[in-house]
Structures are given as C-alpha cells and as structure tokens.
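Chains, contacts and geometry: an overview
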Amino acid sequence: MRFKKGILLICCLLVIFSCGGNPVEKRNKFISKGKNFLAKGDYTRAAIEFKNAIQVDPRFALSYYYLSLAYLKKGNLQGAYSALSRAIELNPELTKAHLLRGQIFILTHKPDEALKEAEIVLKKEPKNTDALLLKANAFILKQNIKSAKKILKNLQKENPSLSAPYLILAQIYLKENNPKLAKKYLKELLKKYPDNEKATLLLGGILEKEKKFKEAEKLYVSLATHNPQKKEPQIFLAQFYERLGNLEKAEEILKKLLSKYPKDEKIYLLLAGFYRR
C-alpha cells in the first residue's frame, strides 16, 4: 500500500514539474522576451515580461534591474527606483544597478546620494568610467566644478575614445562664458566622431552666436552627409536655414523629408509653418 502511494506521489510530482517546466528556464525566457521588447521600444510589454520573471523567481536581482530599465523608458522614476533598490537589496554587488540608481539621483537633484552610489562602485573598480562620470555629474550639481573638471580631464586623457568628457567639459565652459575652450573640446570630439549630434549642435550654436554662419552651415551639412539614412540631421539643417531666413532651402529639405517620411508629424508641422507665412 505504501509502495503504491509512493509511486502515486512520484507520478504527481512528475506531472507538476512537466507542466510547470524548469523555473530558471521559465524566468530566463521571460527576461529574454522582455529584453526583445525593450530593444523594439515596447516598454509596457517589456515590463510585463520582467514582472512575469519576478513572479517565477522573486529573488533574482537582474529581473528587477531590467524592470527598472523599462520603467525609466516610460518615465516612471519612482518605479525604476523601487525596482533598483530591490535589485541591490538582493545583490549588493550588482554594479550596474548602483550606477543606474545614481543616475536617478542625478535626475532628481540628489547629488549626495549619487556620490554614494559612485563611491560604492569605485571602491571595487577605481577606474570604472561610468562611476567616474556619475561622480563628476554629482560634483557639478553640488557646484564643485573644480573637482568635476579634474575627473573629466583625467577621463579624457585615459579614455580618449569616450565622448561624454568632451561634451560635459564643453557645457561647463559654455556656462562659464568661455566659448573658446568649449569649441576646443567640441572640435576635438568631432575630429574623432564627425556624426556626433550633440557636439554638432553645441558647436553650431556657438558659431551662430559668433555670426560664423558659413562655418556653422558646413558643420550641419557634414552631419547630414555622414547620416544620410537619419532624418534628424536633415531637420537640423533645415532649421538652421530657417534661422538664417533662407526659407527656400529649408522648405526644399523638408519637402524631400516629407516624401520619404509621409507620416512624420514633426516634419509635417515644420513644413506647414512655412505655408502659413
């Protein structure tokens, strides 16, 4: 009798496990689906998949980290913060969770908290570039510009391929009303990466203020030429011509863009603005 009950119990367990599947495999499958949705820009469905993964394995820190990414993309800072805090609670060694929570502290103007997150990472990885950038941004919020500059200049020397130090230093010098130094860093960056949109827009804005319109035009045209498949550089160029008062050139660019992207509302509205003049 006991033997028969034992066999019955084993059979029941086999049925349960065969129906439920391996929990780790199920969890990873949900995470994989969620990451695919993230890549496609479907953040709502991504969040659902990550929540499914958490239901299967509520103590797996990475599921909460990925959920925070989906929340951030949706603009839900509180949800992202809560998910990251849970991830760190489960795995205090999860570096990217500390860094991302630090970025949320920057966005919410809490530099002291951001500094704490940066230091946690830097204790283990003294040359972690993301942690150093986080620390520099925290110093900027605290108005400790001297310390921020020191970090950024060291990063620039040690990691010359990084774009961020050049951009942040340029922005600092612009705020200090030193466009000469700002232009220096932006030009250095554009030599390395001619298609860097942020550097182009910053440098173009400086050149326009200095009334160096030919140089600015060359810059915007270069960006558009390096990115023929992207619409934004073409829009930047059209807007530049509009600011110059050359509406004919601006309209020509926008008409071409509208024929290529007939459902793009921004292009349509920009073009409509010309027709209302």
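For the structure, see preceding data.
So, here is what we can say about the structure in this document. All values derive from a computational prediction rather than experimental measurement.

Let's shift gears to the overall build of the protein. When helices and strands are tallied, the protein shows 16 helices and zero strands. Compactness check: the protein gives a C-alpha radius of gyration of 26 Å against a globular reference of 19 Å for 277 residues, more than 25% above the reference. Once the C-alpha set of the protein is aligned to its principal axes, its extents read approximately 95 × 50 × 30 Å. The proportion of buried residues among the 277 residues of the protein is 39%. Counted over contacts in the protein with a minimum sequence separation of 6, partners at least 24 positions apart contribute 43%. Side chains of the protein carry 53 positive and 28 negative charges; the gap between the two charge centres is 4 Å.

On to the side chain of Glu117. Among the secondary structure elements, Glu117 is positioned in helix H7 (residues 111-124). According to the relative accessible area criterion, Glu117 is buried, its value standing at 4%. Ignoring sequence-local partners within four residues, the contact set of Glu117 consists of Ile88, His98, Arg101, Gly102, Phe105 and Leu134.

Further remarks concern the packing of aromatic side chains. Within this structure, the stated rule accounts for six aromatic pairs. Here the aromatic rings of Phe50 and Tyr66 are separated by 5.6 Å at their centres, their planes lie at 20 degrees, and the arrangement is stacked. Highlighted residues: Phe50 in helix H3 (residues 43-56) and Tyr66 in helix H4 (residues 61-73), separated in sequence by 16 residues. Overall, Tyr66 belongs to the buried group, its relative accessible area being 13%. What links up through ring pairs into an aromatic cluster is the set Phe50, Tyr65 and Tyr66. The ring of Phe60 has Arg27 sitting right over it, with the charged end atom 3.6 Å from the ring centre. The ring of Tyr261 is capped by Lys231, whose NZ or CZ atom sits 5.1 Å from the centre of that ring.

Next up on the list: the side chain of Glu208. As for its placement among the helices and strands, Glu208 is situated in helix H12 (residues 197-209). Classification of Glu208 as buried rests on a relative accessible area of 16%.

This part takes up the environment of Tyr185. Locating Tyr185 in the fold gives a position in helix H11 (residues 179-192). Using a relative accessible area of 6% as the deciding quantity, one classes Tyr185 as buried. With 126 residues separating them along the chain, Tyr185 and Arg59 place their C-alpha atoms 45 Å apart. Ignoring anything within four residues of it in the chain, the contact list for Tyr185 reads Lys153, Gln156, Tyr166, Leu169, Ala170 and Tyr173.

The next subject is the nonpolar core. The biggest cluster of nonpolar side chains holds 51 residues, and the ones touching the most others in it are Leu152, Leu186 and Leu237. Of all hydrophobic cores here, the second largest spans 25 residues; its members include Ile31, Phe50, Tyr71 and Ile104.

Per the stated rule, a full pass over the model turns up 18 salt bridges. For Glu117, the salt bridge goes to Arg101, with nearest N and O atoms at 2.7 Å. Pair noted here: Glu117 is in helix H7 and Arg101 is in helix H6 (residues 95-107), with a separation of 16 residues, a long-range link. Of the two residues, Glu117 and Arg101, both sit in the buried class. Among the salt bridges present, the one from Glu210 reaches Lys212, with a minimum N-O distance of 3.5 Å. A relative accessible area of 30% places Glu210 in the partly exposed class. For Lys212, a relative accessible area of 33% puts it in the partly exposed group. One continuous salt-bridge network, built from bridges that share partners, spans Lys183, Glu210 and Lys212.

Relative to the helices and strands, Glu25 resides in helix H2 (residues 23-40). Residue classification places Glu25 among the exposed positions, given a relative accessible area of 57%. Along the primary structure Glu25 and Ala53 are separated by 28 residues, whereas in three dimensions their C-alpha atoms are 9.9 Å apart.

Before going further, it helps to spend a moment on the packing of H2 against H3. In contact at an axis separation of 8 Å, H2 and H3 are set at 165 degrees when each is read in the N-to-C sense. Relative to H3, H2 is oriented roughly antiparallel. The chirality of how H2 crosses H3 is left-handed. Judged by residue contacts, Pro23, Lys26, Arg27, Phe30, Ile31, Lys33, Gly34, Lys35, Phe37 and Leu38 of H2 engage Tyr43, Arg45, Ala46, Glu49, Phe50, Asn52, Ala53 and Val56 from H3. The class makeup of the residues in the contact of H2 with H3 is 10 nonpolar, two polar and six charged.

What counts and how
Residues numbered from 1 in each chain as written. Predicted model: local features only at pLDDT ≥ 70, side-chain atom pairs only at ≥ 80, totals over all residues. Heavy atoms only, no water. Helix = DSSP H or I, 4+ residues; strand = E, 2+ residues; numbered from the N terminus. Rg over C-alpha atoms; globule rule 2.2 N^0.38 Å. Buried < 20%, exposed > 50% of the residue type's maximum accessible area, 1.4 Å probe, protein only. Contact = heavy atoms within 4.5 Å. Lys, Arg positive; Asp, Glu negative; His and termini not counted. Charge placed at Lys NZ, Arg CZ, Asp CG, Glu CD. Phe/Tyr/Trp six-rings, centres within 6.5 Å; stacked < 30°, edge-to-face > 60°. Lys NZ or Arg CZ within 6 Å of the ring centre and 35° of its normal. Core = buried A, V, L, I, M, F, W, Y, C linked by side-chain atoms within 4.5 Å. Salt bridge = Lys/Arg side-chain N within 4 Å of Asp/Glu carboxyl O. Axes fitted to C-alpha atoms, helices over the stretch in contact; angles between N-to-C directions. Parallel < 35°, antiparallel > 145°, perpendicular 65-115°, else oblique. Left-handed = near helix turned anticlockwise from the far one by under 90°. Nonpolar A, V, L, I, M, F, W, Y, C, P; charged D, E, K, R; others polar.

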